[in-house]
Amino acid sequence: MMKNNSYILNRIKSIQSFLKINNLDGFIQPRSDSYLGEYVPQSDSRLEWISGFSGSAGEILILRNSAILFVDSRYTIQASNETKKTNIKVVLSSNISLIQYIIKNSNTLKNVAFDPWLYSLAKIKYFLSFEKNTILKFISLKQNPIDLIWVTNRADAPKTIIKKHIIKYAGICAADKIKKLCLNLKTLNAHSYIINQPDAVAWLLNIRGSDLEHTPIILTRAIIFNNKKIYLFIDQSRITAKIKDYFKKEITNIKIYPENTILDIIKKIAKNKNKILINPSTTSYVIAKEILKINKNNIIEKDCPIELMKAIKNKVEIKGSIKAHKKDGVALSQFLYWIDKSKNTNNSELLFSNTIDTFRSKQKNFICTSFETISGYGSNGAIVHYRVTNNSNKKIKGNGLYLCDSGGQYLEGTTDVTRTISIGKASIQMKKHFTIVLKAHIALASAIFPYGTTGNDLDIIARSPLYKNDMNYGHGTGHGVGSCLNVHEGPHRISKGSFTLIEPGMITSNEPGFYLENKYGIRIENLMVVIKISDRNNKNMLGFKVLTLAPIDTKLINYNLLTEEEIEWINNYNNSVYKNISVYLKTSNKNWLKKVCRPFK
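Right, let's walk through the structure included here. Note that the coordinates shown come from a computational prediction; the quantities given were computed from them, not determined experimentally.

Glancing now at the overall build of the protein. A count of helices and strands for the protein gives 19 helices and 28 strands. What you see for the protein is a C-alpha radius of gyration of 25 Å, in line with the 25 Å of a compact globule of 601 residues. By element, 50% of the accessible surface of the protein is carried by carbon and sulfur atoms, the whole surface being about 26300 Å². Once the 85 positive and 48 negative side-chain charges of the protein are each reduced to a mean point, those two points are 2 Å apart.

According to the stated counting rule, one finds 27 salt bridges in the structure shown. The closest approach of N and O atoms between Asp44 and Arg154, which form a salt bridge, is 3.9 Å. Of this pair, Asp44 sits in the loop between strand E1 (26–30) and helix H2 (46–51) while Arg154 sits in the loop between helix H6 (145–149) and strand E7 (163–164), and the two are 110 residues apart along the sequence. Under the relative-accessibility criterion, Asp44 is labelled buried at 19%. By relative accessible area, Arg154 is classed as partly exposed at 25%. Its salt-bridge partner being Asp147, residue Arg154 comes within 3.0 Å of it at the nearest N-O pair. Beyond isolated ion pairs, a larger network of salt bridges with shared partners links Asp199, Glu307, Lys310, Lys313 and Glu489.

Across all of its chains, the model carries one cavity of 30 Å³ or more by this definition. Estimated volume of the largest cavity: approximately 40 Å³. The wall of the largest cavity is formed by Leu332, Phe335, Leu336, Cys404, Ser406, Val417, Thr418, Arg419 and Ile421. Looking at the lining of the largest cavity, the elements that each hand over two or more residues are helix H14 (315–341), strand E17 (400–406) and strand E20 (417–423). The element that contributes the greatest number of residues to the lining of the largest cavity is E20, accounting for four residues. Among the residues making up the lining of the largest cavity, the classes are represented as six nonpolar, two polar and one charged.

Time to look at the pairing of strand E8 (residues 192–195). Burial along E8 is two-sided: the residues Ser192 and Ile194 and Tyr193 and Ile195 are all buried. As paired strands, E8 and strand E10 (residues 221–225) are joined by four bridges and run antiparallel to one another. Bridging from a neighbouring strand, Ile195 pairs with Ala222 of E10. In terms of strand pairing, E8 meets strand E13 (residues 276–278) through two bridges, oriented parallel. Each bridged residue has a counterpart across the sheet, and for Tyr193 the counterpart in E13 is Leu277.

In this description, an aromatic ring pair is defined by two values, namely the gap between the centres and the angle between the planes. For the structure on display, the rule yields 22 aromatic pairs. Ring geometry for Phe53 and Tyr75: centres 5.6 Å apart, planes at 80°, overall edge-to-face. On the criterion of sequence distance, the pair formed by Phe53 in the loop between H2 and strand E2 (59–63) and Tyr75 in the loop between strand E3 (67–71) and helix H3 (76–82) is long-range, its members being 22 residues apart. No difference in accessibility class separates Phe53 from Tyr75, as the two residues are buried. Here the aromatic residues Phe114, Tyr119, Tyr126, Phe127, Phe130, Phe138 and Tyr285 are joined through ring pairs into a cluster of three or more. Directly above the aromatic system of Tyr35 lies the positively charged group of Arg221, at a separation of 4.1 Å from the ring centroid. Geometry around Tyr473 places Arg463 over its ring, the cationic atom sitting 3.9 Å from the centre.

Our focus in this paragraph is the side chain of Ser106. Among the structural elements, Ser106 can be located in the loop between helix H4 (98–104) and strand E5 (111–114). Note on Ser106: relative accessible area 12%, which makes it buried. Reaching out from Ser106, the side chain makes a polar contact with the backbone oxygen of Ile103 at a distance of 2.9 Å. Filtering out sequence-adjacent residues up to four positions away, Ser106 remains in contact with Ile135 and Leu136.

Here we take up the nonpolar core. In this structure, Phe335 and Tyr402 are the most contacted members of the largest nonpolar core, which totals 73 residues. Take this core: its biggest share by element is nine residues, from helix H16 (residues 428–445). Setting aside chain neighbours within four positions, we find Tyr402 in contact with Phe335, Ile339, Phe352, Ser353, Ser375, Gly376, Tyr377, Ile396, Arg419, Thr420, Ile421 and Ile423. Within the second largest apolar cluster, 42 residues are counted, among which are Cys182, Tyr193, Val201 and Ile239.

In this fold, His479 is placed in strand E22 (residues 478–480). Only 3.2 Å separates the side chain of His479 from the backbone oxygen of Val487, close enough to count as a polar contact. Reaching out from His479, the side chain makes a polar contact with the side chain of Glu511 at a distance of 3.1 Å. Once residues lying within four places of it in the same chain are set aside, the contact partners of His479 are Asp416, Val487, His488, His492, Arg493, Ile507, Thr508, Ser509, Glu511 and Glu525.

Read from one edge of the open sheet, three strands run E16-E17-E20, paired in antiparallel fashion. Strands with a single pairing partner mark the edges of an open sheet, and in this sheet they are strand E16 (374–377) and E20. On average, each strand axis in the sheet is tilted by 10° relative to the strand beside it, whichever way the strands run. Where E17 lies against E20, seven bridges are found, and the strand directions are antiparallel. Paired with Leu401 across the bridge in E20 is Ser422.

Turning our eyes to something else, we now look at the environment of Thr453. For Thr453, the location among the structural elements is in the loop between strand E21 (449–450) and helix H17 (455–467). Since its relative accessible area comes to 7%, Thr453 is described here as buried. Ignoring any residue separated from it by four or fewer positions in sequence, one finds Thr453 in contact with Leu458, Thr500, Leu501 and Ile502. In this structure the side chain of Thr453 is engaged in a polar contact, spanning 2.7 Å, whose partner is the backbone oxygen of Pro450.

Conventions and cut-offs
- Residues numbered from 1 in each chain as written.
- Predicted model: local features only at pLDDT ≥ 70, side-chain atom pairs only at ≥ 80, totals over all residues.
- Heavy atoms only, no water.
- Helix = DSSP H or I, 4+ residues; strand = E, 2+ residues; numbered from the N terminus.
- Rg over C-alpha atoms; globule rule 2.2 N^0.38 Å.
- Areas by Shrake-Rupley, 256 points an atom, 1.4 Å probe, with all protein chains shown as cover.
- Lys, Arg positive; Asp, Glu negative; His and termini not counted.
- Charge placed at Lys NZ, Arg CZ, Asp CG, Glu CD.
- Salt bridge = Lys/Arg side-chain N within 4 Å of Asp/Glu carboxyl O.
- Buried < 20%, exposed > 50% of the residue type's maximum accessible area, 1.4 Å probe, protein only.
- 1 Å grid on protein atoms, 1.4 Å probe; cavity = no way out; pocket = protein on both sides within 12 Å on 5 of 7 lines; lining within 4 Å.
- Points joined across faces, edges and corners; volume = space filled by probe spheres on them.
- Nonpolar A, V, L, I, M, F, W, Y, C, P; charged D, E, K, R; others polar.
- Pairing = 2+ DSSP bridges.
- Phe/Tyr/Trp six-rings, centres within 6.5 Å; stacked < 30°, edge-to-face > 60°.
- Lys NZ or Arg CZ within 6 Å of the ring centre and 35° of its normal.
- Polar contact = N/O pair within 3.5 Å; in protein donor to acceptor, adjacent residues only side chain to side chain.
- Contact = heavy atoms within 4.5 Å.
- Core = buried A, V, L, I, M, F, W, Y, C linked by side-chain atoms within 4.5 Å.
- Axes fitted to C-alpha atoms, helices over the stretch in contact; angles between N-to-C directions.

Pasting the structure below:
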């Protein structure tokens, strides 16, 4: 996608002309597409096209004479860099959110337009609640104005074919998943459930695809009825004879509709006055509105029942994740060894990023990276979700810290790992900050907690060592991870305000960090699976089993700051890396790994 700031200025002016012609005061454009997921295909990257901002979260408010981009703390530096010379003002949403800004200026912002496909029912209901006692009106548009002007150099919508995710990797057949979901629907007295989340459809039907660059899914919707009948909305050309046979034999009662017919089908279902379940947070407003227009009592608003089923991994998925992390560990050990031995004077963030991606791609059953690799040296490492470009690409030389956050999609599972690596000689301050982040990481990895614990409860465990040293980080401590699906998966998170119960079988990241602006960034991230503690003294207690297998850089540790228990943890962890990974490495790489994993005594 072209990023030329003169183009951005002209595009915003075109939207502003649209506002004036249509008597509108503002237009809001989010990052999301109509599926409301984290990642969007290039054909639907409207926020990036109109603003130049490529981050995975944000909203722009285009007014008649200005434009404001709202981002969270992960993206303030990136957004400022990517929107230079565009006259777009970047605002930290924790200081003032988009809706707060609109309300504050509601005397002049009377009519604010939005695309009803790109916002959830819950979000628009929240917006509409502010219309009371004001002259403010939120206007639902029939067509996105960006689509009216983005008519050239636009990528085609993805049309990859459906692939079966076989039982060897899925663990549970689609028929059993459908049966369990339908029992749930009957309990809720729901006649049908509209699934707007492609990853939920993929998990339920045991199908995968390549519609997104980093997530092996098909962009599709489905409606499932409590009698196990399923409507799948997708172009017939994407369904091979093999998949038709799979649907016929294993799912049986499935009907294929063109993707653009979903609103017409929903109208017909709603007219029968049956109860329709939707997740208000993940269903596009335009879909819910079709039901509400016919009978507002037809809707049951509940969280997606598939989310929790998908989040609690079955035994096959957990074994698959262990296998995926071993393969990932081999690639990471090869990469870290390559860095250590590299004498290339042209070493750079881009070269390092391409190299880890290449090592990972050579592993068996590798599909794609699970997100765009974050490869930041020095001050770029302090940008939490930094994306290296030709313009930002730093040479890696001298003394500093290199942060690499990367992951892979394998048939067996999804990985996500961050390592901070010493380049040259680390300063005393760098070692102190790294060691404190390591203490935070160890604290969470070692936690034992009772059933009924939430992510909100666990978050403070990781932050406490940083708080004691006047340090913190502006992102969550952990997120759920899918199985050959989304690298960021709900409903559980380890962060403030997350009240989903942490249950056995859930996979979560553990990624405390510290970011010294314009200096360096530090993050240590492993994935872990929640397990039952078998010790008889800890009945009904839970803990974590670490899945990630990649050495932690001991050159950055100030062991004087660690307790004996923490030293034992890092010794045991690196020893586990060596035991599990060394057998797959060449002799020189194996000897290097043994050296960097040797215990501290």
